[in-house]
Amino acid sequence: MKKRRVTMAQALLGFLKNQYVERDGVEHRFFSGVLGIFGHGNVAGIGQALQQNLDLRYIPVRNEQAAVHVAAGYAKTSNRLRTFACTSSIGPGATNMTTGAALATINRLPVLLLPGDIFARRNVAPVLQQLESPSTQDIGVNDCLKPVSRYWDRIYRPEQLITALPEAMRVLTSPSDCGAVTLALPQDVQAEAYDYPEELFRKRVWLIRRPEPDAASFARALEAIRASRKPFLVAGGGVLFSEASEALAKFCASTGIPIGETQAGKGSVPYNHPQSVGAVGATGTLTANRLARDADLVIGVGTRYSDFTTASMTAFQNPAVRFLNINTAEFDACKVSAIPVVADARAALERLSAALAGYRVEDGYADLIGSLKQEWEAEVDRLFHLGLQPRPAQSEVIGAMWEASGPRDILLSAAGSHPGDLHKLWRTRTPNAYHMEYGYSCMGYEIPGAIGAKLADPTREVYVFLGDGTYLMMPGEIVTSVQEGVKIVIVLVDNHGFASIGGLSQSLGQQGFGTVYRTRVPETGRLEGSFLPVDYEANARSLGAHAIRANGLAELKLALEKARSLDRTTVIVIETERDVRVPGYESWWDVAVAEVSEMESVRESRSAYVEACKKQRHFL
Ligand SMILES: Cc1ncc(C[n+]2csc(CCOP(=O)(O)OP(=O)(O)O)c2C)c(N)n1
Ligand SMILES: [Mg+2]
C-alpha cells in the first residue's frame, strides 16, 4: 500500500481539500478554507500545514467565536452544501468557539472545529492555559465542546485521523444529523509525522441524499390532508436547506393550503404568493396566527417547533387539531405526536402534489385566506410609513431598507427587537434573502454571519440589521470584512440599550431594570445618569468601515443609496424612537414571571401570566 509521510496536521488538510458533496447531480467542494487565529496550540501544526497548502484559503479573524459564525453564515447561505473549518489554539481560543458551535448545532449547520489541545505526551504538563484536574489527566477545556457538537473526538495518535475523518464527514453532510463537529488536536500530535495510506487523500464525493417517504406514512399523510377542512402548513428552515421552495409554492398553489413561515423558513415562498400568510407564532402576522389557531391539520415541513413557532404551545387551539410532519430528522418528524413522514422536503412535497391532484381547500377557507392576507399587507404598509418625527420608529427603518434593497439581496439579523419586527414585516422575495439566526438568537452573530453570507454569494448585497447592544458584542469583525474585501451594509439602530429585553422587562412588571445604557450616578449608586456617550460612527470608522450617521428617515434613504454605491463595508447609524414598537398579533411567548415578589407590578404581571398559561396545550 502506498504511503504518504506527513504530519497529522498536513494529513488533515490534505484530506479536507479533497472532500466534495453532490446533490441533484451537482458537485461542490465542501471546505472553502480555514478560519481562525493562531496561538502556540496550533501555529506549528495546523499553521504550518496551512502555509504549505495555500490552495486552502486561510482567513484570520479577530475572535474565534466569530470564525464559527462566519462558517455558519456561509453554510446557511449555501444550503449546507459548503462550509469552513475553524482552527484555534488551546485554552481560551478553543473555548471561545463554544458559543459558535452551539449556534451551528442548534441551527443544524455544518461547521468543523479544530481546537488545539494540551500535549498528549503529558510530560510537560501543566502547559500554558491547561485546565488541571486532581481526579484525571484525561480532561481539558475542549470537553466543553462535547454537548454542543454533533460529533466530538480527540486525536491522541496521528493514525486516529484515519477513522475519525470519515465520521466527521458523515455528520457534516448528513441532512438529519448535521451540526458542529469537533476534532480536538493535541499540539504535539499535530506536528507528529506518520505514514498515512495514500487513499486517505483521494477525492471523495459525499452524496447528499433526498430520502423518499415510506409508503405507510405517506398513505396516512394523504388521508389526513383529504380529511382536513382547515389545513395550515408551517414552513421551517428545512424547506430552504432542501431547496424545496418551488415544490412548496406549487403544492400550496394547487391545493390552496396556506403557508406560515418560521424564522428559519421565512422566504420559503415569495411574500406575494397567494397562499403565503407570512410569519407564524409569537412573532407572527395576524393572518397566520388566526389560521394557525383554527387549523384542524398542521403540516410542519422542515421545522423543529421552537417555542416561537408554537407561541409556547398556544398557537394551535382547535380541539381536533392533528399534525403531519415532513422532516429528514426522525427526531423532529415525531414531535407533537404527528404523523411522521421522515423524508426530504422537496421529494415529499412533489409526491404529495402528484397524489393530491384535484384536491383543493373549500372556497370559504380560500376566501378567508385571501381577505386576511390583504388586511395584513395594509398593516405592513401602515407600519412602514408612520411618519414619526424627528426619530423614526424601527418599523419605518425596516420599510426604508426594504424599499432600498433588491429582490435577491440578503437581510441578516439575529437578536434584539429586530428579529421579531423583521419576521412580521420583511417582504421576502427570493429564497435565502431572509437570513435570520434565531435558533440561538446570538448577539454578535450578525457581522461575522454576514461575512459568511457574502462570501457564499458575492452577487447579493448583504444588509445587516442590528442594535447598539449586539453591535458592541462583536464589532471587531468589521476588520475581517475589510481584510477580505467582503462588503456588507450594516444598519445600526441606536436606542441606548436593550429595547427588546427592556420591553419584556416592562411587561413582567420590572420597569426595564438594567436594560438602558446610562452612567452610574455616584449619589444614588444607580444607573440613572445620562446616556452612555458611545460614538458608533467613529467606532465603525476606526475599524476601517465607511460610516454614516443618518438623522431621520430622509437621511437614512440617502445613506442606503450611498452604501449601495460603495465597495467597502458601510455602517449606517440611526437613532429610533425606542418606545414605538411593532405590536404583537394575538400571540404570546412564555417567560416565567416571579411567583412571589415585593413589587405590586410583578404580582399583577404574575396573575396575567397564570391566566395566559391556561391556553397552553399538550399534543399527545
Ligand atoms: C449573547 C447574548 N446575550 C444575551 C442575549 C439576550 N438578549 C436578547 S436581545 C438583547 C438586547 C439586544 O439589544 P440591542 O442589540 O440593542 O437590540 P434592541 O433590544 O435595542 O432592539 C439581549 C441582551 C442574547 N440574545 N445573546
Ligand atoms: Mg438597542
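Provided above is the structure to which this section pertains.
In this report, the structure presented in the accompanying data block is examined. These numbers come from a predicted model, not from an experiment.

Calculation notes
Residues numbered from 1 in each chain as written. Chains lettered and ligands numbered in written order. Predicted model: local features only at pLDDT ≥ 70, side-chain atom pairs only at ≥ 80, totals over all residues. Heavy atoms only, no water. Helix = DSSP H or I, 4+ residues; strand = E, 2+ residues; numbered from the N terminus. Rg over C-alpha atoms; globule rule 2.2 N^0.38 Å. Buried < 20%, exposed > 50% of the residue type's maximum accessible area, 1.4 Å probe, protein only. Contact = heavy atoms within 4.5 Å. Areas by Shrake-Rupley, 256 points an atom, 1.4 Å probe, with all protein chains shown as cover. Lys, Arg positive; Asp, Glu negative; His and termini not counted. Charge placed at Lys NZ, Arg CZ, Asp CG, Glu CD. Polar contact = N/O pair within 3.5 Å; in protein donor to acceptor, adjacent residues only side chain to side chain. Pairing = 2+ DSSP bridges. Axes fitted to C-alpha atoms, helices over the stretch in contact; angles between N-to-C directions. Donors = N, O, S within 2.8 Å, 3.2 Å for Na, K, Ca; no water. Phe/Tyr/Trp six-rings, centres within 6.5 Å; stacked < 30°, edge-to-face > 60°.

**Focus: the overall build of the protein**
Phase 1 of the analysis: Each helix and strand in the protein was counted, giving 23 helices and 23 strands.
Phase 2 of the analysis: Taken over C-alpha atoms, the radius of gyration comes to 25 Å for the protein, in line with the 25 Å a tight globule of 620 residues would show.
Phase 3 of the analysis: Across its three principal directions, the C-alpha atoms of the protein cover 70 × 70 × 55 Å.
Phase 4 of the analysis: Expressed as a percentage of its 620 residues, the buried residues of the protein come to 58%.
Phase 5 of the analysis: Within the protein, contacts between residues at least 6 apart in sequence are counted, and of these 76% link residues at least 24 apart.
Phase 6 of the analysis: For the protein, the exposed surface amounts to about 24500 Å²; the carbon and sulfur share of it is 53%.
Phase 7 of the analysis: Mean positive and mean negative side-chain charge positions of the protein (65 and 67 charges, respectively) differ by 3 Å.

**Focus: helix α13 (residues 345-355)**
Because each turn of an α-helix spans 3.6 residues, side chains separated by three or four positions in sequence point in the same direction.
Phase 1 of the analysis: Looking at α13, one finds that the buried residues are A345, A347, A348, L349 and L352.
Phase 2 of the analysis: You can read the cap of α13 off the contacts: a side-chain oxygen lies 3.2 Å from the backbone nitrogen of R346, and it is on D344.

**Some remarks on the sheet that holds strand β20 (residues 462-467)**
As a general point, the strands of a sheet are linked pairwise by backbone hydrogen bonds and lie either parallel or antiparallel.
Phase 1 of the analysis: Reading across from one edge, β19-β18-β20-β21-β23-β22 is the order of the six strands in this open sheet, with parallel pairing throughout. Bordering the open sheet on either side are β19 (434-436) and β22 (546-550), each of which pairs with just one other strand. Neighbour-to-neighbour, the strand axes of this sheet turn through a mean angle of 20 degrees, independent of strand direction.

**Overview of the coordination of the magnesium ion (ligand 2)**
Phase 1 of the analysis: Protein coordination at the magnesium ion (ligand 2): the donors are D468 (OD), N495 (OD1) and G497 (O), at 2.0 to 2.1 Å from the metal.
Phase 2 of the analysis: All donors of the magnesium ion (ligand 2) come from a single chain, and their spacing in sequence reads D-x26-N-x1-G. Note that D468 is positioned in helix α18 (residues 468-473) and G497 in the loop between β21 (489-494) and α20 (499-507), a separation of 29 residues in sequence.
Phase 3 of the analysis: When its relative accessible area of 1% is taken as the criterion, D468 is described as buried.
Phase 4 of the analysis: With relative accessibility at 4%, the residue G497 sits in the buried group.

**A word on the environment of K615**
Phase 1 of the analysis: Positionally, K615 belongs in the segment after α23 (600-613).
Phase 2 of the analysis: The sequence separation of K615 and T314 amounts to 301 residues, and the corresponding C-alpha distance is 5.5 Å.
Phase 3 of the analysis: Setting aside anything within four residues of it in sequence, one finds K615 in contact with M313, T314 and Q317.

**A look at the environment of F531**
Phase 1 of the analysis: Looking at where F531 falls in the secondary structure, it is placed in the loop between α20 and α21 (536-542).
Phase 2 of the analysis: A relative accessible area of 37% places F531 in the partly exposed class.
Phase 3 of the analysis: Residues F531 and N53 lie 478 residues apart in sequence; the distance between their C-alpha atoms is 50 Å.
Phase 4 of the analysis: Among all residues touching F531, those that are not within four sequence positions of it are H496, V516, Y517 and R518.

**Topic: the packing of aromatic side chains**
Phase 1 of the analysis: All chains considered together, the criterion is met by 17 aromatic pairs.
Phase 2 of the analysis: Summarising the aromatic geometry, the rings of W376 and Y585 are spaced 4.8 Å apart at their centres and angled 85 degrees between planes, so their arrangement reads as edge-to-face. Remark: Y585 occurs in the loop between β23 (570-575) and α23 and W376 occurs in helix α14 (residues 363-384); sequence separation between them is 209 residues.
Phase 3 of the analysis: W376 sits in the buried class, given a relative accessible area of 7%.
Phase 4 of the analysis: Under the relative-accessibility criterion, Y585 is labelled buried at 9%.
Phase 5 of the analysis: Ring geometry for F498 versus Y517: centroids 5.7 Å apart, planes at 70 degrees, classification edge-to-face. Placement of F498 in the loop between β21 and α20 and of Y517 in the loop between α20 and α21 is noted, with a sequence separation of 19 residues between them.

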